[in-house]
Amino acid sequence: MDHSKSPLRLPVAEPLPVPRFSLYGEPLQELDETFVHVETIAYRSRRYEWRIRAHIHSDLDQLLFIRHGSGTMQVDGQELPIRAPAVLLVPATVVHGFQFARGTRGFVVTAAQPLIRALQAREPELRRVFASPACIGLSAPGAAAAELETLIDRLRRETVWDAPANRLAAEAWLAAVMIATLRLLPAEPCGGSVLRGPVASLVDRFRDLLDERCRSGWSVARYARQLAVSPGKLRAACLAISGKPPRQLLHERVLLEARRALTYTDLTIAQTAYQLGFSDPGYFSRFFSTHAGESPLAFRLRTAKPQGA
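Residues numbered from 1 in each chain as written. Predicted model: local features only at pLDDT ≥ 70, side-chain atom pairs only at ≥ 80, totals over all residues. Heavy atoms only, no water.

A. Representation of the pattern of salt bridges in the model. Tallied over the entire structure, the rule returns 17 salt bridges. One salt bridge in this structure joins Asp59 and Lys244, with 3.0 Å as the shortest N-O distance. Here Lys244 lies in the loop between helix H7 (231-242) and helix H8 (246-264) and Asp59 lies in the loop between strand S2 (51-55) and strand S3 (60-68), a separation of 185 residues in the sequence. By relative accessible area, Asp59 is classed as partly exposed at 26%. The exposure class assigned to Lys244 is buried, which follows from its relative accessible area of 15%. Its salt-bridge partner being Asp208, residue Arg127 comes within 3.7 Å of it at the nearest N-O pair. With a gap of 81 residues between them, Arg127 in the loop between helix H2 (113-122) and strand S9 (134-137) and Asp208 in helix H5 (residues 198-213) connect regions that are remote in the sequence. Assessed through its relative accessible area of 41%, Arg127 is described here as partly exposed. What makes Asp208 partly exposed here is its relative accessible area of 34%. Look at the salt bridges and you will find they share partners, linking Arg117, Arg127, Asp208, Asp211, Arg215, Arg253 and Glu257 into a network. (Salt bridge = Lys/Arg side-chain N within 4 Å of Asp/Glu carboxyl O. Helix = DSSP H or I, 4+ residues; strand = E, 2+ residues; numbered from the N terminus. Buried < 20%, exposed > 50% of the residue type's maximum accessible area, 1.4 Å probe, protein only.)

Given below as structure tokens:
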């Protein structure tokens, strides 16, 4: 079972030239799988003289709504003009940057990939929203722009106040924002959508296969064979796009499934281990403790909801 083996000693990758952030200008940190953040364009851009230099978010998808203003969007070596109103889509692992005109107004919605993928699993058509980077021009003035602005504002409210069921409400408003964006996709893109390069596409296919087979106990070599590439090529692609080797991406995906099972199901820890492809519950417990920093039982007790809640 590949999940339980000790990691191979691999050569240290050379530093990547493109900086990686959680939110732009902030150090990388582990974010909750339900992470959603909304801020105005001006909030971050103003402090950087309205220029957001090229960077990458490894595990975050972004949607920008430009209500007033203009600028350019740099994405994977191409430059797209921005004229408000517009929606900009930036999938995780895409190198991107912006130059906004001073005073540009709008919102930036940032969401964790596991949350986006969970919504896409429930409605497969939503996969189109972050399938590739895009700049979508809207009619001005128009009902679509007004509706999207309202939906994002509702989403922002749920992310900044402590109210009952605010996480569920935020997920619902995020789904509404994505649905509204999906219905805009047939509109003529300003500058056109940008297709992903072959290296990024390989990592996308690997992530999709992880979603499909993360309970199978497959090794990285088995995933590489399924993708018709060598393990070395898969590793190089994952390092270039995500900054992580494929084994780490595999472990993170299995850990996510384990956390979900321990939180939302009544399966025993042994049953959870077998469902995730581990042949020995003891190996699973060691895997979980190593990567989560606590035992499966401690995690379950810590995240358990009170009876009657």
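The structure having been displayed, the exposition proceeds.
B. Geometry of the nonpolar core. Val87, Leu89, Ile152 and Leu174 are the most contacted members of the largest nonpolar core, which totals 33 residues. Only strand S1 (36-40), S3, strand S6 (86-90), strand S8 (105-112), H2, S9, helix H3 (143-160) and helix H4 (166-182) provide two or more residues apiece to this core. Looking at which element gives the most residues to this core, the answer is H4, with eight residues. Setting aside chain neighbours within four positions, we find Val87 in contact with Leu63, Leu64, Phe65, Ala134, Cys135, Ile136, Leu138, Leu148, Thr181 and Leu184. Judged by nonpolar contacts, the second largest core, of 30 residues, contains Val203, Val220, Tyr223 and Ile241. (Core = buried A, V, L, I, M, F, W, Y, C linked by side-chain atoms within 4.5 Å. Contact = heavy atoms within 4.5 Å.)

C. Region of interest: empty space enclosed by the protein. Per the stated rule, a full pass over the model turns up two cavities of 30 Å³ or more. Taken as a whole, the largest cavity spans an internal volume of roughly 160 Å³. Forming the walls of the largest cavity are 16 residues, and the residues nearest its centre are Tyr24, Glu39, Arg44, Gln62 and Val108. Mapped onto the lining of the largest cavity, the elements with two or more residues apiece are S1, helix H1 (41-45), S2, S3, strand S7 (96-100) and S8. (1 Å grid on protein atoms, 1.4 Å probe; cavity = no way out; pocket = protein on both sides within 12 Å on 5 of 7 lines; lining within 4 Å. Points joined across faces, edges and corners; volume = space filled by probe spheres on them.)

D. Quick look at the sheet that holds S7. Read from one edge of the open sheet, four strands run S2-S7-S4-S5, paired in antiparallel fashion. In this open sheet, the two strands that pair with only one neighbour each are S2 and strand S5 (78-83). Each strand axis lies, on average, 15° off the axis of its neighbour in the sheet, ignoring direction. (Pairing = 2+ DSSP bridges. Axes fitted to C-alpha atoms, helices over the stretch in contact; angles between N-to-C directions.)

E. Examining the packing of H5 against H8 more closely. At a minimum axis separation of 10 Å, H5 and H8 run at an interaxial angle of 35°. Seen from above, H5 lies across H8 with right-handed handedness. Between H5 and H8, the residues in contact are Phe206, Arg207, Leu210 and Asp211 and Pro246, Leu249, Leu250 and Arg253, respectively. When grouped by side-chain class, the residues that make up the contact of H5 with H8 number five nonpolar, no polar and three charged. (Left-handed = near helix turned anticlockwise from the far one by under 90°. Nonpolar A, V, L, I, M, F, W, Y, C, P; charged D, E, K, R; others polar.)

F. Region of interest: the layout of surface pockets. By volume, the second largest pocket is sized at about 260 Å³. Taken together, 13 residues form the lining of the second largest pocket, with Arg117, Phe130, Ala131, Asp204 and Asp208 sitting closest to its centre. Among the secondary structure elements, those contributing two or more residues to the lining of the second largest pocket are H2 and H5. Ranked by the residues each element gives to the lining of the second largest pocket, the list is headed by H2, at four residues.

Interpretation in functional terms is not warranted from these geometric data alone.
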